[in-house]
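# Topology and contacts: notes
Spelled out from the first residue to the last, the chains are:
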Amino acid sequence: MNDFATSLEPWLLQVTEQRGSPPGLILHIGAGDEAPATYASVAASRLVFVEGDAELAAGLRTQCQGRTPAAQVIEAVVAPAAGSMLWHRYNLRPFSGPWDALVLRRWYPRLQETATISVQAIGITDLIDTVAPGDARDAAANWLLVLDLPGQETPLLEALDDDVLNRFGWVVVRRWRDQQADASDPVTTRMVRADFERLPTGGPQDVALVHEVYRFDKHRALAGVLRRERDQLQRECDAAQARAAATATELDEVKRQFAQALTELHNAKAAHAASSQLELAASALAAKRAGELESLNKTLADERKATRGQVQRVSQLEAELAEAQFRLETMQHEILKAEGQLDVVKDLLLNEPTL
């Protein structure tokens with residue numbers, strides 16, 4: 001816990017300086033009883049600590065009274081979905097939870113399970129809807145979610161829809177070191193799918209636990225929205241073209257039938273010149289076919305007009321997507337250039353003989 005506080009607190013202060021304001025909300029799930037030390041120097045507008053173990057929650061309230069008296073403490077077991085579940089208690093209280101922590105004996109040889117009880121869990125989506133409702137999305141760019149439930153991070157993140165995750169501008173995931181993998185591991189894959197980018201983590205890390213920091217990339221999200229809109233319009237355009245082709249086929253059939261009717265009319269006139277009734281019937285059929293032809297021509301014209309409009313919209317969206325991607329590349333280039341300049345300044349300051 002101390003290494004976590006030592007490495008995370010400077011990052012929080014750096015984020016506050018970069019944005020010009022502290023986080024509007026910090027939601028720490030699995031806070032334990034030492035979390036207030038991590039945020040003692042961060043003047044967040046709201047601090048919400050969630051802890052499932054009753055004794056740790058009591059210690060957390062005591063710590064908050066001395067360090068962060070305005071923080072809200074919620075005693076609740078958090079799971080992917082609400083319901084009854086087993087809770088394992090260990091002689092090392094921070095490891096208590098719904099998973100088998102005895103696999104950690106290689107780091108903690110004296111770890112022992114002391115009891116197993118049934119508890120009622122709250123779904124993580126229900127918790128976030130209560131603490132960080134979706135109707136406050138405009139303020140969420142500076143919200144921080146800390147998922148401090150090592151071993152449970154993958155099912156918890158998979159239980160969250162993208163629109164719930166996107167309420168937070170920053171997500172910190174704390175996990176066991178041996179479960180940390182490359183860019184294809186489930187946690188990183190889930191966060192990238194929700195338009196988050198993983199940031200390098202500086203400072204010391206715990207021997208057994210590490211934390212990963214993810215930042216919501218609004219430009220990537222916007223590009224994704226534009227791509228989905230373009231694909232949807234392309235599908236609608238393809239469907240309209242297919243309908244236009246089917247209408248054209250029907251029109252050709254009507255033309256053929258109309259030509260056939262005219263031929264039949266001429267034959268009927270030649271063969272039954274004296275039969276006015278047959279002539280009237282043939283004329284009525286020709287008029288009907290002409291009406292159908294006119295109707296189908298109008299339908300075909302409407303479909304072609306709609307198709308042209310959709311094609312223009314697809315072209316417009318592609319242009320907007322290209323512009324968004326260009327802005328994203330420009331921003332990334334500027335960030336890299338700024339980081340390079342910062343490294344040069346750091347080198348100059350470190351090599352200055354008077355310092």
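This text goes with the structure placed above it.
Anyway, here's the lowdown on the structure attached to this text. Source: prediction; values computed, not measured.

Another point: the overall build of the protein chain. Looking only at helices and strands, the protein chain features eight helices and ten strands. Counting only residues that meet the buried cut, the protein chain has 38% of its 355 residues in that class. Taking all contacts inside the protein chain whose residues are at least 6 apart in sequence as the whole, residues at least 24 apart take part in 70%. For the protein chain, the exposed area adds up to about 19,400 Å²; of that, 54% sits on carbon and sulfur atoms.

Time to look at the layout of surface pockets. Volume-wise, the second largest pocket comes out at about 530 Å³. Residue composition of the lining of the second largest pocket, grouped by class: 19 nonpolar, six polar and eight charged.

We now examine the sheet that holds strand β2 (residues 47–51). Pairing in this open sheet of seven strands is mixed, and the strands run β3-β2-β1-β7-β8-β10-β9 from one edge to the other. Each of the sheet's edge strands pairs with one partner strand only, and the pair in question is β3 (72–75) and β9 (196–199). Direction aside, neighbouring strands of the sheet carry axes that sit 20 degrees apart on average. Across four bridges, the pairing between strand β7 (residues 143–147) and strand β8 (residues 170–176) is parallel. Looking at β8, one finds that L147 is bridged to V173. Together, β2 and β3 form the strand contacts of helix α2 (residues 54–67), whose direction differs from that of β3 by roughly 175 degrees. Sitting on the sheet, helix α6 (residues 186–193) touches β8, β9 and β10 (209–216), and the angle it makes with β10 is about 15 degrees.

In this section: the sheet that holds strand β6 (residues 113–123). If you trace the three strands from one edge of the open sheet to the other, you get β4-β6-β5, paired in mixed fashion. The strands lining the two open edges of the sheet, one partner per strand, are β4 (77–79) and β5 (83–90). In this sheet, adjacent strand axes meet at a mean angle of 50 degrees when their direction is disregarded. As judged from the eight bridges shared by β5 and β6, these two strands associate in the antiparallel manner. Within β6, the position partnered with L86 by the bridge is S118. On top of the sheet, helix α3 (residues 124–131) reaches β4 and β6; it is set at about 55 degrees to β6, its chief contact.

Right, let's talk about a positive patch on the surface for a bit. Where like charges cluster on the molecular surface, the positive patch consists of K255, R304, K305 and R308. Looking at which element gives the most residues to the positive patch, the answer is helix α8 (residues 276–351), with three residues. Tracing the sequence through the fold places R304 in helix α8. On the basis of relative accessibility, which here comes to 47%, the residue R304 falls in the partly exposed class.

Calculation rules
Residues numbered from 1 in each chain as written. Predicted model: local features only at pLDDT ≥ 70, side-chain atom pairs only at ≥ 80, totals over all residues. Heavy atoms only, no water. Helix = DSSP H or I, 4+ residues; strand = E, 2+ residues; numbered from the N terminus. Buried < 20%, exposed > 50% of the residue type's maximum accessible area, 1.4 Å probe, protein only. Contact = heavy atoms within 4.5 Å. Areas by Shrake-Rupley, 256 points an atom, 1.4 Å probe, with all protein chains shown as cover. 1 Å grid on protein atoms, 1.4 Å probe; cavity = no way out; pocket = protein on both sides within 12 Å on 5 of 7 lines; lining within 4 Å. Points joined across faces, edges and corners; volume = space filled by probe spheres on them. Nonpolar A, V, L, I, M, F, W, Y, C, P; charged D, E, K, R; others polar. Pairing = 2+ DSSP bridges. Axes fitted to C-alpha atoms, helices over the stretch in contact; angles between N-to-C directions. Patch = residues over 30% accessible without salt bridge, like charges linked within 9 Å, V, L, I, M, F, W, Y side chains within 5 Å. Salt bridge = Lys/Arg side-chain N within 4 Å of Asp/Glu carboxyl O. Lys, Arg positive; Asp, Glu negative; His and termini not counted. Charge placed at Lys NZ, Arg CZ, Asp CG, Glu CD.

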